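Coordinate analysis (summary)
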Amino acid sequence: MSPPRLLRSLVVLSLIAAPLTVATSTAEAAPPRSGGVVSFGCATSGKLHCLGKSIRSPKGSGPLLTSTPVGYGPAEIQAAYNLGGLHANGKTVAIVDAQDAPTAEADLAKFRSARGLPPCTTANGCFKKVNQNGAASPLPAPDYGWAMEISLDLDAVSATCPDCKILLVEANSPDVDPLMTAVDTAAATPGVVAISNSYGGTEDSTILAADAHLNHPGIAVTASSGDSGYGVSWPASSPYVTAVGGTTLKKSTTAARGWTETTWKGSGSGCSALEPKPAWQHDTGCAKRTVADVSAVADPATGLGVYDTYNSCGSSSFCDLLLSLGLAQGADGWIQVGGTSLSSPVIASVYALAGNSVTSGSYPYAHADGLYDVTSGSNGSCGGTYLCTAGTGYDGPTGLGTPHGTAGF
């Protein structure tokens, strides 16, 4: 049997043996799913990579796809962080990513409609997509993995701050210079009060010069701390950003808050080898910049349900099977996602709701009583110190804690 015919036979047999898993109700989301995770597979030709992960399909190495919402949505995010009823009053959260997501606006519309949120479109002035120089065209080359990341970021802002305007700035590639150009473009756009960066890479001698692009007084710049556990990545280690770690967020019938949070094992943290310690950071186990500052939900097992349809095989049940088997790229519907790619836009949106003109991550350190302290869990081995183990007060994986309303931001 020829290889193409053999592949088709194997796929058909898999489809017969294990039908596509879908949620059963169109009225409400299915509960969060747990299991293995798969990275988004963002283009890795550059220095930096996106930090999103999705729940893996039981069929193969691709994402678990559903036809209706799954995972947490706006109601859960706002309830967990005491954000219900708050408004951004026209403020804009900027999302900086690499490559283009051709279906970004259409997918965002589907997410918001399914979640009961008002439209956020180019036509009504709520949504805008530009290249790294701020122009509507030409846009960068598309990428299936970065499109998943973009869907995560846009949906995370929508879930946390439904009335925030959203600016999507797409860099030409996942390299430092294009991404920092995109950050500068976002900061120069009127109305932008927060910029989220859901990507990272290893520290090297170039980052100190690049830090200047993250220094925008009056604008909160957030950066994902990483999704590979204990260890530091940049730009989270820059002293000009709020470094955002990750938690596992679960509903609770016994906790007074109604939710519990522990350290997500993938949350990045640690002591920078290069970045100077900010004046507002006072932990004693690291002479340089410590990561993270604050945190929010990041565990894919307790993650956000997002909608993404940009893929390499079209729209059909056969395409969905190929995607779930890892034989095609992208997604075709609802996926449950996490990573500190989720926590960064959540925190950027909380800054927008707070409405303060902040710079760097200093504000939460002066308002730690406006945060839920996360006191348990670890993300790796660091000799049992606070750099990788959560405890009372400040720690590396979860920083000062997670939002309790907007008082900490």
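Per an unreviewed UniProt entry, the chain goes by Peptidase S8 and derives from Amycolatopsis eburnea.

**Re the sheet that holds strand β1 (residues 37-39)**
One open sheet accounts for four strands, arranged β1-β3-β16-β15; its pairing is antiparallel. On the outer flanks of this sheet lie β1 and β15 (304-308), each paired with one strand and no other. For this sheet, the mean inter-axis angle between neighbouring strands, taken without regard to orientation, is 45 degrees. Judged from the five bridges that link them, β15 and strand β16 (residues 333-338) form a sheet pairing that is antiparallel. Within β16, the residue paired with Gly305 across the bridge is Gln336. Contacting β15 and β16, helix α3 (residues 104-114) runs over the sheet at an angle of about 140 degrees to β15.

**Describing the state of the cysteines**
Enumeration according to the criterion identifies six disulfides in this entry. Disulfide pairing places Cys42 opposite Cys50 at an S-S distance of 2.0 Å. In this structure the cystine formed by Cys42 and Cys50 twists about its S-S bond by roughly 85 degrees; its chirality is therefore right-handed. No difference in accessibility class separates Cys42 from Cys50, as the two residues are buried. One disulfide bridge connects Cys161 with Cys164, the sulfur atoms lying 2.1 Å from each other. When the S-S torsion is 85 degrees, as for the bridge of Cys161 with Cys164, the disulfide is right-handed. A residue is classified by how much of its surface remains accessible, and Cys161, at 0% relative accessible area, is buried. Take Cys164: its relative accessible area is 0%, and that puts it in the buried class. For the chain, the disulfide bridges join cysteines in the arrangement 1-2, 3-4, 5-6, 7-8, 9-10, 11-12, where the cysteines are counted in sequence order.

**Concerning the environment of Gly384**
Summarising the element assignment, Gly384 is placed in the loop between β17 (371-372) and β18 (402-403). By relative accessible area, Gly384 is classed as exposed at 63%. Measuring from C-alpha to C-alpha, the distance between Gly384 and Leu342 comes to 27 Å, with 42 residues separating the pair along the chain.

**Details of the UniProt feature "domain: Peptidase S53" (unreviewed entry) in the chain**
Annotation from UniProt places "domain: Peptidase S53" (unreviewed entry) at residues 71-409. With 24% helix and 23% strand, residues 71-409 has its two end C-alpha atoms placed 26 Å apart.

**A few points about unusual backbone geometry**
A cis geometry characterises the amide bond from Trp234 onward to Pro235, with omega recorded as 20 degrees. You will see that Asn82, though not glycine, has its phi angle at about 60 degrees, which is positive. Tracing the chain through its elements places Asn82 in the loop between α2 (74-80) and β4 (92-98). Overall, the relative accessible area of 43% leaves Asn82 in the partly exposed class. The phi torsion at Asn89 lies on the positive side, around 55 degrees, for a residue other than glycine. Within the fold, Asn89 resides in the loop between α2 and β4.

Conventions we followed
Starting afresh in each chain, residues are numbered from 1 along the sequence in its written order. Per-residue local features of the predicted model are confined to residues with pLDDT of at least 70, and side-chain atom pairs are confined, for both listing and counting, to 80 or more; whole-chain, interface and lining totals are unaffected and use all residues. Hydrogens are left out, water is left out, and the side-chain values use all remaining heavy atoms of the structure. Pairing between strands is defined by DSSP: at least two bridges between them are needed. Starting at the N terminus, helices and strands are each numbered in turn, a helix being any DSSP run of H or I of at least four residues and a strand any DSSP run of E of at least two. An axis is simply a line fitted to the C-alpha atoms; with a helix, the fit covers only the stretch in contact. Between two such axes, the angle follows the N-to-C directions and lies from 0 to 180 degrees. Any two residues having at least one pair of non-hydrogen atoms within 4.5 Å are treated as being in contact. Working definition: a disulfide is two cysteine sulfur atoms within 2.5 Å of each other. The cut-offs for exposure are 20% and 50% of the maximum accessible area for each residue type, with area from a 1.4 Å probe on protein chains only; residues under the lower value are buried, those over the upper are exposed, and the others partly exposed. UniProt positions are given in the numbering used here, feature names are shortened, and annotations may be inferred rather than shown by experiment.

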